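Below are the chains, spelled out letter by letter.
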Amino acid sequence: MTLRVVVAAPFKGTGRDRMGEQAFVVALSLDRDWVSPDQAKRLVEVAERSGLIERDEDDLVATFPYDEVPIPDDFEPDASIFQERSAFERVLDALVDDGMDRQSAVAAINERQRDLGVTAEVAAVLTARAEGVDVPEAATKAHESVVR
């Protein structure tokens, strides 16, 4: 969830769902002083791979409801923002964002995994689909983990 907060901040600052990459980097490194400019550029890559942003020509576009993400006044990101989340973590966050209780989501995923004998990532994607939650990047990642 920390990565989502960090990525939401620049968009919330402008009140728009798209911005130039340089403006994004400046918002995180100079305006908020959360990371260095190089780290902010790395965050763009991590956020893009995590499905939180997409590129549209020269702009970065938020792919989630950034305006609904609370940013606590005393928020300080930690090093975990530079780590890519697993497919399981992405799906779990998507289920919670869609209104499912975290504990209930984990229980549903565990039950599906046990019943079907599949990996946690595959069970998570199947649970999300059963709940009507679209998680294409996580589905691709889960598929790749099974095919290898």
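One can find the structure itself at the top, above this paragraph.
This part takes up the nonpolar core. In summary, soluble globular proteins display a tendency toward joint burial of nonpolar side chains. The biggest cluster of nonpolar side chains holds 28 residues, and the ones touching the most others in it are V7, F11, F24, L28, W34 and F64. For this core, the secondary structure elements donating two or more residues are helix 1 (2-14), helix 2 (21-31), helix 3 (37-49) and strand 3 (59-62). Residues within four places of L28 in sequence aside, it is in contact with V6, P10, D33, W34, V35, A40 and L43. A87, V122, V125 and A139 belong to the second largest nonpolar core, which has 19 residues in total.

Once that is clear, we can look at the sheet that holds strand 1 (residues 18-20). Spatially, three strands are ordered 1-3-2 in an open sheet, and the strand pairing comes out antiparallel. Among the strands making up the open sheet, the edge pair consists of strand 1 and strand 2 (53-56). Shown here is a sheet whose adjacent strand axes are inclined to one another by a mean of 30°, direction ignored. Bridge count for strand 1 against strand 3 is three bridges, and the pairing is antiparallel.

The complete set of buried residues in helix 2 reads F24, V25, A27, L28 and S29. The buried side chains of helix 2 occupy one side of the element, clustering within an arc of 170° when seen end-on. Counted as exposed and oriented over 90 degrees from the buried face of helix 2: Q22, L30 and D31. Next to the buried residues of helix 2 lie helix 1, strand 1, helix 3 and strand 3.

Attention now goes to the pattern of salt bridges. One pass over the full model with this rule turns up seven salt bridges. Connected through salt bridges with shared partners, the residues R18, D56 and D59 form a single ionic network.

With that out of the way, let us pick up helix 6 (residues 120-130). Of the positions making up helix 6, those classed as buried are V122, A123, A124, V125, T127 and A128. Next to the buried residues of helix 6 lie helix 4 (87-97), helix 5 (102-116) and helix 7 (136-147).

Here the focus is the environment of V44. Within the secondary structure, V44 is located in helix 3. A relative accessible area of 0% means that V44 is categorised as buried. The spacing of V44 and R55 is eleven residues in sequence and 9.8 Å in space, taken between C-alpha atoms.

It is a general feature of regular strands that their side chains alternate between the two faces of the sheet. With four bridges joining them, strand 2 and strand 3 adopt antiparallel strand pairing. Within strand 3, the position partnered with I53 by the bridge is A62. Linking strand 2 to strand 3, which pair antiparallel, is a turn of two residues; within it E57 sits at a positive phi near 55°.

Right, let's talk about the environment of G51 for a bit. Topologically, G51 is positioned in the loop between helix 3 and strand 2. Through-space distance from the C-alpha of G51 to that of P136 is 9.0 Å; in sequence the pair is 85 residues apart. Every residue in contact with G51, bar those within four places of it in the chain, is listed here: T63 and E137.

A few words on the packing of helix 6 against helix 7. Direction vectors running N to C along helix 6 and helix 7 enclose 145°, while the axes themselves pass 9 Å from each other. For the pair helix 6 and helix 7, the crossing hand works out as left-handed. Here helix 6 contributes E121, V122, V125 and R129 to the contact with helix 7, which in turn contributes A138, A139, A142 and V146. Of the residues in the contact of helix 6 with helix 7, the class split is six nonpolar, no polar and two charged.

So, how was this worked out
- Residues numbered from 1 in each chain as written.
- Predicted model: local features only at pLDDT ≥ 70, side-chain atom pairs only at ≥ 80, totals over all residues.
- Heavy atoms only, no water.
- Core = buried A, V, L, I, M, F, W, Y, C linked by side-chain atoms within 4.5 Å.
- Buried < 20%, exposed > 50% of the residue type's maximum accessible area, 1.4 Å probe, protein only.
- Helix = DSSP H or I, 4+ residues; strand = E, 2+ residues; numbered from the N terminus.
- Contact = heavy atoms within 4.5 Å.
- Pairing = 2+ DSSP bridges.
- Axes fitted to C-alpha atoms, helices over the stretch in contact; angles between N-to-C directions.
- Arc of directions from axis to C-beta.
- Salt bridge = Lys/Arg side-chain N within 4 Å of Asp/Glu carboxyl O.
- Left-handed = near helix turned anticlockwise from the far one by under 90°.
- Nonpolar A, V, L, I, M, F, W, Y, C, P; charged D, E, K, R; others polar.

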